[in-house]
Amino acid sequence: MLSRKPYSGLSRKLVLAFDVGTTYSGISYCMLDPGEIPKILGVSRYPAQEHVGGDSKIPSILYYDKQGVARAIGAEALQEHIIEQAEDERWIKLEWFVWKLHLRTKHLAASHITDGDIPPLPKGKTGVQVLGDFMRYLFKCARSYIEETHANGVNLWKSVENTIEFVLTHPNGWEGPQQSQIRRAAVLAGLIPDNKSAQSRVRLVTEGEASLHFCVANVLANDSFEEEDDLSDTKGVIVVDAGGGTIDLSAYSMSQSSNTFEEIAPTECRLQGSVFVTRRAHALLKRKLEGSQYGNSDIVEQMVNIFDKTTKLRFRNAEDPSYIKFGTIRDKDPKCDIRSGQLKMQGQDVAALFEPSIQGILEAIDKQRKAAQIPISFIFLVGGFAASDWLFTSLQTQLQSFGISFCRPDSHVNKAVADGAVSFYVDHLVNKRASRYTYGVSCGVTFDPKDLEHLARRNRAYRRQSGVIAIPGAFSSILERGIQVSESQEFQQEYYREHPSYDDCKEIEIDVMCYRGAQNCPRWMDTEFKSFSTLCLVRADTTEMAKSLKPRLAKQGLVYYVQNFSIVLLFGLTELTAQISWMEDVRSSAQYLVHRYTHHH
């Protein structure tokens, strides 16, 4: 289905994608040569990595010493001598699960996670700095691999190192603040210099959209998907990227004739990845072993690690018991179901550990099916958690009744995001995306005595410079939730401000707000105050604009000035762009100059 064209650029370029996952991280890349068909490759060799192969990744682990210096990263952190040194010198071990949660958006539904559940970062370190340290390591690994693997690799790297295009992935639920943190981390990692021009070489893409690109190249190209009985050209597709921490869902319409995709529902993100199955197992084992000789924290932690690496992966049937082999033949405690060094777990108990994640996925699928304008024909399960047979068969059983084709790629599902991120850059398949929330600004509205909502708020009324009575706290929508947006499409609203003096007109500063509640277009912010948050602040220098403003005279004899401007949102790319726009240097009704100030968020 996916047929790539030769690269049309005039010079060689390297595209490098980092997938920093909750448990494992990977790197994919593409060397774009003029006239050559792009080929996506993966870094399959890392320092201290035991298992090498086309789908190899490294653990998302770092060790910091007491001075806050990163001493071991990735597979190196799992070496026996490193673990021993870390214990002797009291290094701090950080897993991506920890620092990813420190960066998470506070609005992401996570009633099972509180700030108290998240271990603290090393003293003097922020989540952004940790991410920067980890990405610096990935960059070093990518450089070594390319220099050692490609013919004349050292010179090859030198020829592209100052123009590398980076694609960095993040969970669907991460928004502007988290995207800004990733960009900052890219600078701290030394990927790019700290300037606006260099930032244009960094692209951010959601894990869901990256996974879609992977599925197009590796699943939808399969002939069996071309021969469906349904003869309609357009199909509905949901991609479920089940990772270690987050589960990201994205819904698209697929035109088989033109090979184009449009996002047809707001993305979904759940903090219910595979690590949460392990967390629930920890709580279960702690309760089960409490008061026994096996209830101390070290033994429980040992069992949890064994569960995570073996028992969880092998679980297939709720009717059969599962075992955690942790000790020797002498270890036994019938009251705790421990015999011959093995702890027995009832199959139903293990199934219950998966259930919140399974239900979270099904709820998100149901939400996207209802929001999509066309029926969903295919659902693809990718990501490291997709390797769980129990997860796959449980979802498959539930989805059969809907007549949906549910599958997971045969191989390399844990490379879906990294490979898909490169495909996002090279193939650019999605041309429309759906707005996840409603975006707008807080403003005042002219008082209308016939409007009951206005009357209910008249105690807050104020008088503008012009003498007009207004009510504050109204919400003006610029882009509503669920609207399909093309990459070049603009959404804008006109506004004005009244100022008592000329000097007040030399700058415009306004907060772009995000509404996450149930309504599509709320009128007032005080009815659901907690559903609103500031997405970004846009500030513009309007000194030149102010020079053309003429003073006006209010009824009370006061002089005032009026600034007219527009707020413009572009939301077709994976990052929101907010602009302030105004007319300046007006010559005639048909001739004017439009000035814009842009804020990327």
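Treat the numbers as computed from the prediction; the structure is a model and nothing was measured.

Criteria and cut-off values
Once a new chain begins, its residue numbering starts again from 1 and follows that chain's sequence as written. Reporting in this predicted model follows two pLDDT cut-offs: at least 70 for local features of residues, and 80 or more for side-chain atom pairs to be given and counted; totals over whole chains, interfaces and linings ignore these cut-offs and use all residues. The basis for every side-chain value is the complete set of non-hydrogen atoms in the structure, without hydrogens or water. Numbered from the N terminus, helices here are DSSP runs of H or I no shorter than four residues, and strands are runs of E no shorter than two. When accessible area is computed with a 1.4 Å probe and restricted to protein chains, residues below 20% of their type maximum are described as buried, those above 50% as exposed, and intermediate ones as partly exposed. Residue contacts are defined here by distance: any two heavy atoms, one from each residue, within 4.5 Å place the two residues in contact. All accessible areas in this document rest on Shrake-Rupley with a 1.4 Å probe, and a residue is counted as covered only by the protein chains that are shown. In this scheme, a helix's expected span is set at 1.5 Å multiplied by one less than its residue total. Here, a salt bridge means any Lys or Arg side-chain nitrogen found within 4 Å of an Asp or Glu carboxyl oxygen. Strand pairing is assigned whenever DSSP detects at least two bridges linking the two strands. Axes here mean lines fitted to C-alpha atoms, for a helix over just the part in contact, with angles spanning 0 to 180 degrees between N-to-C directions. Classification of ring pairs uses Phe, Tyr and Trp, with its six-membered ring standing for Trp, and accepts pairs whose centres are within 6.5 Å; under 30 degrees between planes counts as stacked, over 60 as edge-to-face, and the remaining range as tilted. We call a charge positioned over a ring when the NZ of a Lys or the CZ of an Arg lies within 6 Å of the ring centre and within 35 degrees of the ring normal. Among the buried residues, those of types Ala, Val, Leu, Ile, Met, Phe, Trp, Tyr and Cys that are joined through side-chain atoms within 4.5 Å form a nonpolar core. Patch membership is restricted to residues that have no salt bridge and whose relative accessible area is over 30%. Joining uses 9 Å for like charges and 5 Å for the nonpolar side chains Val, Leu, Ile, Met, Phe, Trp and Tyr. The positive count covers Lys and Arg only, the negative count covers Asp and Glu only, and His and the chain ends enter neither. Each charge is placed at NZ for Lys, CZ for Arg, CG for Asp and CD for Glu. Values of pLDDT, ranging from 0 to 100, describe the predictor's confidence in every residue of the model.

### Re the overall build of the protein
- Counting its secondary structure elements, the protein contains 14 helices and 30 strands.
- Evaluated residue by residue, the protein yields a buried proportion of 53% over its 601 residues.
- Once local pairs closer than 6 in sequence are excluded, the contacts in the protein between residues at least 24 apart make up 68%.
- Working note: accessible area of the protein is about 28,500 Å², and carbon and sulfur atoms make up 48% of it.

### What about the environment of Lys 335?
- Locating Lys 335 in the fold gives a position in the loop between β14 (322-325) and β15 (338-339).
- Exposure remark for Lys 335: the relative accessible area of 83% places this residue in the exposed category.
- Put simply, Lys 335 and Lys 288 are 47 residues apart on the chain and 9.4 Å apart in space, counted from C-alpha to C-alpha.

### Structural notes on helix α8 (residues 274-289)
- Compared with an ideal rise of 1.5 Å per residue, which puts 16 residues at 22 Å, α8 spans 23 Å between its outermost C-alpha atoms and is within 8% of the ideal.
- Where α8 is concerned, the buried positions are Ser 274, Val 275, Phe 276, Val 277, Thr 278, Arg 280, Ala 281, Leu 284, Leu 285 and Leu 289.
- Following α8 by one or two positions, Gly 291 has its phi on the positive side, about 90°.

### A few points about helix α5 (residues 176-188)
- For α5, which comprises 13 residues, the first-to-last C-alpha distance of 18 Å matches the rise-based estimate of 18 Å (1.5 Å per residue) to within 8%.
- One or two positions beyond α5, positive phi appears at Gly 190, with a value near 80°.

### Digging into unusual backbone geometry
- Phi is positive for Arg 90, close to 55°, though the residue is something other than glycine.
- On the secondary structure map, Arg 90 appears in the loop between α1 (80-88) and β7 (92-95).
- Even without being a glycine, Asp 337 presents a positive backbone phi close to 60°.
- With respect to the element layout, Asp 337 can be found in the loop between β14 and β15.

### Side note on the pattern of salt bridges
- A complete count under the given rule lists 28 salt bridges for this structure.
- Residue Asp 451 pairs with Arg 523 through a salt bridge whose shortest N-O separation is 2.9 Å. One end of the pair, Asp 451, is in the loop between β20 (438-446) and α13 (452-456); the other, Arg 523, is in the loop between β25 (507-515) and β26 (532-541), and 72 residues separate them in sequence.
- Given the relative accessible area of 42%, Arg 523 is considered partly exposed.
- Salt bridges linked by common partners bring Glu 453, Arg 457, Arg 460 and Asp 526 together as one network.

### Digging into the sheet that holds strand β6 (residues 70-73)
- Pairing in this open sheet of 3 strands is antiparallel, and the strands run β6-β5-β7 from one edge to the other. Looking at strand neighbours, the two that pair on one side only are β6 and β7, the edges of this open sheet. With direction set aside, neighbouring strand axes in the sheet form an average angle of 25°.
- Pairing geometry for strand β5 (residues 61-64) and β6, over 3 bridges, is antiparallel. Looking at the pairing, Leu 62 lines up with Ile 73 of β6.
- The sheet contacts of helix α3 (residues 127-149) involve β5, β6 and β7, and relative to β5 the element is tilted by about 110°.

### Thoughts on the packing of aromatic side chains
- All told, the structure shown has 15 aromatic pairs when counted by the stated rule.
- Considering the side-chain rings of Phe 354 and Phe 385, the 6.3 Å spacing of their centres and the 25° angle between planes classify their relative orientation as stacked. Taken as a pair, Phe 354 in helix α10 (residues 347-371) and Phe 385 in the loop between β17 (376-382) and α11 (389-399) lie far apart in primary sequence, 31 residues in all.
- Since its relative accessible area comes to 0%, Phe 354 is described here as buried.
- Residue classification places Phe 385 among the buried positions, given a relative accessible area of 3%.
- For the ring pair Tyr 515 and Phe 532, a centre distance of 4.9 Å and an interplane angle of 40° mean the geometry is tilted. Of the two residues, Tyr 515 is situated in strand β25 and Phe 532 in strand β26; the sequence distance between them amounts to 17 residues. Side by side, Tyr 515 and Phe 532 carry an identical accessibility label, which is buried.
- Among the aromatic residues, those joined into a cluster by ring pairs are Phe 18, Phe 139, Trp 157 and Phe 166.
- Across from the ring centre of Phe 392, 4.4 Å away, lies the NZ or CZ of Arg 408, which sits over that ring.

### So, the nonpolar core
- Of all hydrophobic cores here, the largest spans 49 residues; its most connected members are Val 240, Met 303, Leu 343, Ile 379 and Leu 381.
- Of all elements in the fold, only β10 (234-242), β11 (247-255), α8, α9 (297-314), β16 (342-345), α10, β17 and α11 reach the threshold of two or more residues within this core.
- When residues no more than four places from it in sequence are discounted, the contact partners of Leu 381 are Val 240, Ala 242, Ala 386, Leu 391, Phe 392, Leu 395, Phe 406, Cys 407, Arg 408 and Pro 409.
- Grouped together as the second largest cluster of nonpolar side chains are 44 residues, Val 20, Val 128, Phe 139 and Ala 186 included.

### What to know about a negative patch on the surface
- A cluster of acidic side chains, namely Glu 84, Glu 87, Asp 88 and Glu 89, defines a negative patch on the protein surface.
- By the secondary structure assignment, Glu 89 is in the loop between α1 and β7.
- On the basis of relative accessible area, Glu 89 is assigned to the partly exposed category, the value being 38%.

### Section: the sheet that holds β15
- A sheet is described by the order of its strands in space; here 3 strands give the open sequence β14-β16-β15, paired in antiparallel fashion. Edge positions in the sheet fall to β14 and β15, since each has one partner strand and no second.
- The sheet contact formed by β15 and β16 spans 2 bridges and is antiparallel. Each residue of the ladder has a partner; that of Arg 339, found in β16, is Gln 342.
- Relative to the sheet, α8 contacts β14, β15 and β16, its axis offset from that of β16 by approximately 110°.

### Examining the confidence of the model for the protein
- Taken as a whole, the protein shows an average pLDDT of 87; of its residues, 88% reach a score of 70 or greater.
- Confidence drops under pLDDT 50 across residues 587-601; counting only partners more than four residues distant or on other chains, this segment forms 47 contacts.

### A few points about the pairing of strand β12 (residues 260-263)
- Only one face of β12 is buried: it carries Phe 261 and Glu 263, and the other face, with Thr 260 and Glu 262, is open.
- Here 4 bridges tie β11 to β12, and the two strands are oriented antiparallel to one another. What sits directly across from Met 254, in β12, is Phe 261.
- As paired strands, β12 and strand β19 (residues 430-434) are joined by 2 bridges and run parallel to one another. Directly across from Phe 261, in β19, lies its bridge partner Val 430.

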